[in-house]
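One-letter residues, chain by chain:
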Amino acid sequence: MKRLKTALRTPWFWGIVGIFLLLLVNTLKDPAYLAIGVNPTTGLLTGNLLDILRVSAPIILIALGMTFVIATEGIDLSVGSMMAVGGAVAMETLSNIGDPTSVGAMLTAIALAILLAVLLGAVNGVLVAVVGLQPFISTLVMMLAGRGIARVITGGQNTNATNEPFRQLANGQILGLPTSFVLAIVIVLLIALLMRRTALGLMIESIGINPHASRLAGIRPRPILIAVYVLSAGLAAVGGLFSVSEVMTVSVSGTGNQMELDAILAVVIGGTSLAGGKFSIFGSTVGALLIATLNKTVLFLGVPSAATPAFKALVIIALVLLQSERIRSWAFGRKPSARKPSGPERPAVGTGNPVTKEAVA
Amino acid sequence: MSGSRTLAEVVPPAPGLPEVDQAPRGLWSRLWERSQTLLPTLVALLLLFGMLIYAEIAYGRVFHAGTISSLLVSFAPTIILAVGMTIVIISAGIDLSVGAVVAFSSVAGVMLMNLGWNGWVSIILMIGFGALFGLIAGVMIQYFNVQPFIATLAMMFLARGLASILSTTPVVAPEGSPLLLLATDWKLIDGPKVNDFTITPGLLIAIVVVVGAVFFMHRTRMGRTVYGIGGSESSAQLMGLPVAKTRVWIYIISGALAGLAGVVYTAEVGGKAQNVTGIGWELDAIAAVVIGGTLLTGGAGYVLGSIIGVFVIAALRLIITKDGTINPEYLTIITGAVLLAFVLLQRALTSRRKQ
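Residues numbered from 1 in each chain as written. Chains lettered and ligands numbered in written order. Predicted model: local features only at pLDDT ≥ 70, side-chain atom pairs only at ≥ 80, totals over all residues. Heavy atoms only, no water.

Some thoughts on the overall build of chain B
Across its full length, chain B carries 15 helices and four strands. Long-range pairs, those at least 24 residues apart, make up 75% of the contacts in chain B with a sequence separation of at least 6. Split by element, the accessible area of chain B, about 16,300 Å² in all, is 67% carbon and sulfur. (Helix = DSSP H or I, 4+ residues; strand = E, 2+ residues; numbered from the N terminus. Contact = heavy atoms within 4.5 Å. Areas by Shrake-Rupley, 256 points an atom, 1.4 Å probe, with all protein chains shown as cover.)

Here is the structure:
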């Protein structure tokens, strides 16, 4: 019972519940939804589940980067534009090299894309950490500028290119799973190791929880903040690579459009508070998977894809309400927690809710 | 008007106190103090005139009644949005939903008109839809401790998604609907050829909104409470200001103004409403507010400053379209650069004031 209660209070638990509910809805509509078959021409596995995993790869990466930014009490609105920048650099490089089979060309394209994104991410980081601008506004500027930079790189065109190794990123499979998804999970694991096996994760959390206290404890915020924005931009560029490799075309206005919102949503679903502090890498990954499932479900149910945001809105509203103290004190009958020493919130007594007894047991 | 009564008027002067020296020295230093908070706005104003004069010299026909009035008319919805955004940002919040609310209210309103609803009722409902989105956001923010960013993000998704569910193809208001009356051209000055100064009822609505907002922010209790919440919420609470009620109203006002902007915009484009209208308009509004000198951290700023901000953005667009050699690709970069410059200026000023 106690374990169940803990699970109910874990945000990503609701994310997993959400994924299963969505899959259930799809299966009810079409019992063969979960089936996985083999494509006779390519010999690769096909199926809706694999599709979901493939489209989730970019979201997983940008949500990962966003997690750390949000943990430092920041926000990175530029990730969608960074995806476009990364995709634009890659497509432009590949079409200039023009070697449709070269692995070297792919590596060059990837390296250049990440390099430019890292530079732009460093600009974000410097604006936030050194100049002291609000993260919201400096990354907003970068969001506008990044989209423009992507346009300048491709000359306003939607550049396409042919390079088989690069195309395999999203269209190939490793052990039956989409390559991009496997790569994304590997990156998540590596970064999770980096964050949890070194003090870096703890430092990021401490900056988010109390910047002054962490400063007094000897943590220098600037390098960490810059690193967080650089990481976010770099991961976003990789996400952009995955997303353009699916169709081998970069759409300067479409690639990564509004993906920053998906990333923020994934992080919130994962239980990382937007007020900064503790983060959950696993939670954000679950959140990203939920969003990918939601995107696909809405399409599958035949709702116009432009309407997807409405369903995302319902998910956000449900989640933030579930996470809010007021609802919890009603539902679980707990007093608004003692975590908040400041500001005497109105206690839940007097709501006349008989459920309160349950909590005492 | 009771909000304008100061303490000095209410409390009778105590006898025997030495007269406070309000000599010219105090006046000058007070002027300087004031102009410091006004400095970003003044810089924006200078920039605006600089840009307009440059455009006049380089391309001509800028200080031209026709150009100016058509620019004003086409930016009327942005002005309305910027007013709402100013109020929200002064309260240290943010409203990301305005662009999507414009889309929803215009699509929903035009569809109601097509269903045969009375045109005026539909227009009122369009504003009402906006207010409803604002109400939901405000309640989430105030009573469920949801961050403004997330709550209005949810409303943005909801409004955009609902607009798309209603229709993904453009819907057009029926002939003779009162909505189209809002775009009638009123020739104020009949100049030679096309050089007429024409305004539309839509622009007039925008002007009324601006005047009303200035009055609201500076001459009503609720307006002053908005500044109080933005300056320090806990102080405002301790002073007994109605923080909860005011905050919900702030978002209702912002939503209703977004609905109104939807009305004006739809009228302007001939009654055609689309679910993709207004993408990125919230960014225009935020940029205008920041350029106009309102602090994003809340507590300080002026509605009129934001209007100057809108004009700066309008002048920028004007130059870029008039020039023709500037790649449209650079438009977002330039907007970003201008925004960055103003934020840096704000930052420099606020850090100096703190020292």
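Back to the write-up after that little detour.
A few points about the overall build of chain A
Broken down by element type, chain A carries 16 helices and four strands. Computed over its C-alpha atoms, the radius of gyration of chain A comes to 22 Å, within 12% of the 21 Å expected for a compact globule of 361 residues. Along the longest, intermediate and shortest principal axes, the C-alpha atoms of chain A span 70 × 55 × 35 Å. Relative to its 361 residues, chain A shows a buried fraction of 49%. (Rg over C-alpha atoms; globule rule 2.2 N^0.38 Å. Buried < 20%, exposed > 50% of the residue type's maximum accessible area, 1.4 Å probe, protein only.)

Description of unusual backbone geometry
All names here are of chain B. In this model, Ala92 sits at a positive phi of 65 degrees, which is unusual for a non-glycine residue. You can see Ala92 is positioned in the loop between helix H4 (76–90) and helix H5 (98–114). Under the relative-accessibility criterion, Ala92 is labelled partly exposed at 39%. If you check the backbone angles, Asn145 has positive phi at about 55 degrees while not being a glycine.

Topic: the side chain of Thr78 of chain B
All names here are of chain B. Mapped onto the secondary structure, Thr78 falls in helix H4. The exposure class assigned to Thr78 is buried, which follows from its relative accessible area of 14%. Discounting chain neighbours no more than four positions away, the residues touching Thr78 are Asp284 and Val310.

Here's the deal with the packing of aromatic side chains
Per the counting criterion, the structure on display carries six aromatic pairs over all chains. A centroid spacing of 5.8 Å and a plane angle of 90 degrees characterise the contact between Phe136 of chain A and Phe149 of chain B, whose relative ring orientation is edge-to-face. With Phe136 of chain A in helix H6 (residues 135–154) and Phe149 of chain B in helix H7 (residues 148–166), this residue pair bridges two chains. For the pair formed by Phe136 of chain A and Phe149 of chain B, the shared burial category is buried. With a centroid separation of 5.5 Å and an interplanar angle of 75 degrees, the aromatic rings of Phe104 of chain B and Phe129 of chain B are classed as edge-to-face. (Phe/Tyr/Trp six-rings, centres within 6.5 Å; stacked < 30°, edge-to-face > 60°.)

Some points on the nonpolar core
Counting 185 residues, the largest nonpolar core has Phe68, Phe166 and Ile264 of chain A together with Phe149, Ile150, Ile286 and Leu339 of chain B as its most contacted members. In terms of residue count, helix H3 (residues 48–71) of chain A provides more of this core than any other element does, 15 residues in total. Judged by nonpolar contacts, the second largest core, of 12 residues, contains Val110, Ala173, Val263 and Ala267 of chain B. (Core = buried A, V, L, I, M, F, W, Y, C linked by side-chain atoms within 4.5 Å.)

A closer look at the interface of chain B and chain A
Taken residue by residue, the interface counts 39 residues in chain B and 45 residues in chain A. Both faces combined, the contact of chain B with chain A buries some 3,500 Å², and carbon together with sulfur accounts for 82% of it. Linking chain B with chain A are zero salt bridges. Counting across the chain B and chain A interface gives one residue pair in polar contact (both at pLDDT 80 or more). Those elements giving two or more residues to the side of chain B that touches chain A turn out to be helix H6 (119–143), H7, helix H13 (281–291) and helix H15 (331–354) of chain B. For the side of chain B that touches chain A, the per-class residue count stands at 26 nonpolar, 10 polar and three charged. (Buried area = accessible area lost by both parts, 1.4 Å probe. Salt bridge = Lys/Arg side-chain N within 4 Å of Asp/Glu carboxyl O. Polar contact = N/O pair within 3.5 Å; in protein donor to acceptor, adjacent residues only side chain to side chain. Nonpolar A, V, L, I, M, F, W, Y, C, P; charged D, E, K, R; others polar.)

A word on the packing of helix H4 (residues 79–97) of chain A against helix H5 (residues 103–131) of chain A
All names here are of chain A. Direction vectors running N to C along H4 and H5 enclose 150 degrees, while the axes themselves pass 8 Å from each other. Handedness of the H4/H5 crossing: right-handed. The segment H4 lies against H5, with Met82, Val85, Gly86, Val89, Ala90, Thr93, Leu94 and Ile97 engaging Ala105, Met106, Thr108, Ala109, Leu112, Ala113, Leu116, Ala117, Leu120, Gly121 and Asn124. Its residues placed into classes, the contact of H4 with H5 shows 14 nonpolar, five polar and no charged. (Axes fitted to C-alpha atoms, helices over the stretch in contact; angles between N-to-C directions. Left-handed = near helix turned anticlockwise from the far one by under 90°.)

Focus on the packing of helix H7 (residues 164–171) of chain A against helix H11 (residues 221–247) of chain A
Residues and elements named next belong to chain A. Contact geometry for H7 and H11: axes closest at 7 Å, N-to-C directions at 105 degrees. Comparing their axes, H11 and H7 come out roughly perpendicular. Packed against H7, whose contacting residues are Phe166, Arg167, Leu169, Ala170 and Asn171, the element H11 presents Leu241, Phe242, Val244, Ser245 and Glu246 at the interface. Looking at side-chain class alone, the contact of H7 with H11 contains six nonpolar, two polar and two charged residues. (Parallel < 35°, antiparallel > 145°, perpendicular 65-115°, else oblique.)

So, the confidence of the model for chain A
All names here are of chain A. Of the residues in chain A, 91% have a pLDDT of 70 or more, and the chain-wide mean is 82. At the level of individual helices and strands, chain A shows its lowest average pLDDT in helix H16 (residues 356–360), which scores 37, and its highest in helix H8 (residues 179–197), which scores 92. Counting interchain partners and residues more than four positions distant, the pLDDT-below-50 stretch residues 336–361 has 20 contacts. (pLDDT = per-residue confidence, 0-100.)

So, the pattern of salt bridges
Residues and elements named next belong to chain A. Applying the stated criterion across every chain, the model contains seven salt bridges over all chains. The partner of Asp51 in a salt bridge is Arg54, with the nearest N and O atoms 3.5 Å apart. With a gap of three residues between them, Asp51 and Arg54 both fall in helix H3, about one helical turn apart. According to the relative accessible area criterion, Asp51 is partly exposed, its value standing at 24%. Residues joined by salt bridges that share partners form a network here, namely Asp51, Arg54 and Glu246.

Things to note about helix H9 (residues 200–209) of chain A
Residues and elements named next belong to chain A. Turning to H9, its buried residues are Gly201, Ile204, Glu205, Ile207 and Gly208. Each buried residue of H9 sits inside an arc of 160 degrees when the element is viewed along its axis, so together they form one side. With respect to the buried face of H9, the exposed residues turned more than 90 degrees away are Leu202 and Ile209. Buried-residue contacts for H9 involve H3, H8, helix H10 (211–216) and H11. (Arc of directions from axis to C-beta.)

Section: the confidence of the model for chain B
Residue and element names in this part refer to chain B. Looking at chain B, the pLDDT average stands at 84 and 88% of residues meet or exceed 70. When mean pLDDT is compared element by element in chain B, H4 scores highest at 95, while helix H1 (residues 7–10) scores lowest at 50. In this model, residues 17–23 is a region of pLDDT below 50 whose contacts with residues beyond four sequence positions or in other chains number zero contacts. Taken together, the chains of this predicted complex give a pTM of 0.82 and an interface ipTM of 0.77.

Here we look at H13 of chain B
Residue and element names in this part refer to chain B. In terms of burial, H13 is a largely internal element, 11 of the 11 residues being buried. Buried within H13 are the following residues: Trp281, Glu282, Leu283, Asp284, Ala285, Ile286, Ala287, Ala288, Val289, Val290 and Ile291. Two residues or fewer past H13, Gly293 is found with a positive phi of approximately 100 degrees.

A short note on the environment of Ala206 of chain B
All names here are of chain B. Within the secondary structure, Ala206 sits in helix H9 (residues 201–219). A residue is classified by how much of its surface remains accessible, and Ala206, at 2% relative accessible area, is buried. Sequence separation between Ala206 and Ala261 is 55 residues; the distance between their C-alpha atoms is 8.4 Å.

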